Amino acid sequence: MDLDTVRTFVAAADAGQFQEAAAELAVTQQAVSKRIAALERDLGVRLFTRTPRGAELTIDGQAFLPHAQELLRVADRAAASVRTDHRPLRVDVIASRSAQSGLMRGFHRAHPEIDLDVVMLFDIETAVAAIRSGTIDASFRAVAAPGRPLPEDIESVRVLDEPLQLLTGPAHALARARSVPLTRLAGHRIWMPGIVPGTEWAAYYDDLVAEFGLTIEATGPNFGSDALLDTIADTPALATFMSEQTRLIWPAGHGLRRIPVTDPTPVYPHSLLWHRDNSHPALATLRAHLAATTARHDAAGTWMPGWVIPR
């Protein structure tokens, strides 16, 4: 069913005259008559009866009118959903308590007039596919892992280097330290059940282990941050890495310690990814906001994998 004929039918029904409908649609009266006739052929019914006063809806025309109006409303909503000046900016973050989520909250505070739709996808392959299909406009990711370059149509810029901290329970051997050198963590068990082989964050921790001889265990199911905190609080032999800006709340009785890691401080690199042909006006605003508000990169005394490239 052609939407132009449906739109012409609704205009003629509202106006009660083909001539007025033609003027509203900026077409000739003959064009209106042809469109109505084509629609009647498609439906197999008469929609109008010609009278001295103009055109009146038949019983079939009256029955069809509310459905025709709804068709036009749906079509308008569908068109608006893909117009970049009318739809929300869709941005992917890794987790709701993560540094990327904090960056987006800051962006929303600075630009409350921009509609946002924040989603959480699993890994970089999923995020890149969503960017290329237009499902999302941008994604925060660690990128350029060895052997996995970004597609040529995906742009990226590094926006934040986030220091890692050591999280321990009160009985851990390092719990009273004000800071701990990274090399001193060799021999300590660091439990991170959220590491999934093949992901960009798994590649990051693989490099960290290889360079500093750490023991990172990803055994057991990942029941989420609350279960992780419970286990770390109750197990003196375990610690975990936690990003500096990850927002966590735990019961006072847990006695957990967040300890800065130094000499060097491992930092996790966050980049913003987007499609080079994406014209959403808010995307440029987001990039400018991040450039103006995020930390400098490659600070002295920090470490990150050699495969981190985007600037």
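Residues numbered from 1 in each chain as written. Predicted model: local features only at pLDDT ≥ 70, side-chain atom pairs only at ≥ 80, totals over all residues. Heavy atoms only, no water.

Trainee: Break down the pattern of salt bridges for me, with residues and values.
Mentor: On inspection of all chains with the given rule, the structure shows 9 salt bridges. For Arg53, the salt bridge goes to Glu56, with nearest N and O atoms at 2.7 Å. Given the relative accessible area of 35%, Glu56 is considered partly exposed. For the salt bridge of Asp137 with Arg87, the shortest nitrogen-to-oxygen distance reads 2.7 Å. Taken together, the positions of Asp137 in the loop between helix H6 (124-133) and strand E5 (138-141) and Arg87 in the loop between helix H4 (59-81) and strand E3 (89-92) put the pair 50 residues apart, joining distant regions of the chain. Here the two residues Asp137 and Arg87 agree in accessibility, since each one is buried. One network of salt bridges, in which partners are shared, links Asp92, Arg141 and Glu200. (Salt bridge = Lys/Arg side-chain N within 4 Å of Asp/Glu carboxyl O. Buried < 20%, exposed > 50% of the residue type's maximum accessible area, 1.4 Å probe, protein only. Helix = DSSP H or I, 4+ residues; strand = E, 2+ residues; numbered from the N terminus.)

Trainee: So what's going on with the layout of surface pockets? Residues and values would help.
Mentor: In this structure, the largest pocket occupies an estimated 910 Å³ of space. Together, 30 residues line the largest pocket, and Ile94, Ala95, Gly194, Asn222 and Met242 are the ones closest to its centre. With 4 residues, the top contributor of residues to the lining of the largest pocket is strand E10 (residues 238-243). Here the lining of the largest pocket is composed, by residue class, of 17 nonpolar, 11 polar and 2 charged. (1 Å grid on protein atoms, 1.4 Å probe; cavity = no way out; pocket = protein on both sides within 12 Å on 5 of 7 lines; lining within 4 Å. Points joined across faces, edges and corners; volume = space filled by probe spheres on them. Nonpolar A, V, L, I, M, F, W, Y, C, P; charged D, E, K, R; others polar.)

Trainee: Account for the packing of helix H5 (residues 99-110) against helix H9 (residues 281-293), with residues named and values stated.
Mentor: Two numbers describe how H5 lies on H9: the axes approach to 11 Å, and their chain directions differ by 110 degrees. By the criterion of interaxial angle, the relationship of H5 to H9 is roughly perpendicular. For the pair H5 and H9, the sense of crossing is right-handed. On the side of H5, the interface is formed by Leu103, Met104, Gly106, Phe107 and Ala110, while H9 contributes Ala282, Thr285, Leu286, His289 and Leu290. Among the residues forming the contact of H5 with H9, the class breakdown is 7 nonpolar, 3 polar and no charged. (Axes fitted to C-alpha atoms, helices over the stretch in contact; angles between N-to-C directions. Parallel < 35°, antiparallel > 145°, perpendicular 65-115°, else oblique. Left-handed = near helix turned anticlockwise from the far one by under 90°. Contact = heavy atoms within 4.5 Å.)

Trainee: Which residues make up the packing of helix H2 (residues 18-25) against helix H3 (residues 29-43), and what values go with them?
Mentor: For any two helices packed against each other, one specifies the inter-axial angle together with the distance between the axes. Where H2 contacts H3, the two axes come as close as 8 Å, and the packing angle between them is 105 degrees. Taken together, the axis directions place H2 and H3 in an arrangement best described as roughly perpendicular. Contacts from Phe18, Gln19, Ala21, Ala22 and Leu25 of H2 reach H3 at Gln29, Val32, Ser33, Arg35 and Ile36. Classifying every residue of the contact of H2 with H3 gives 6 nonpolar, 3 polar and 1 charged.

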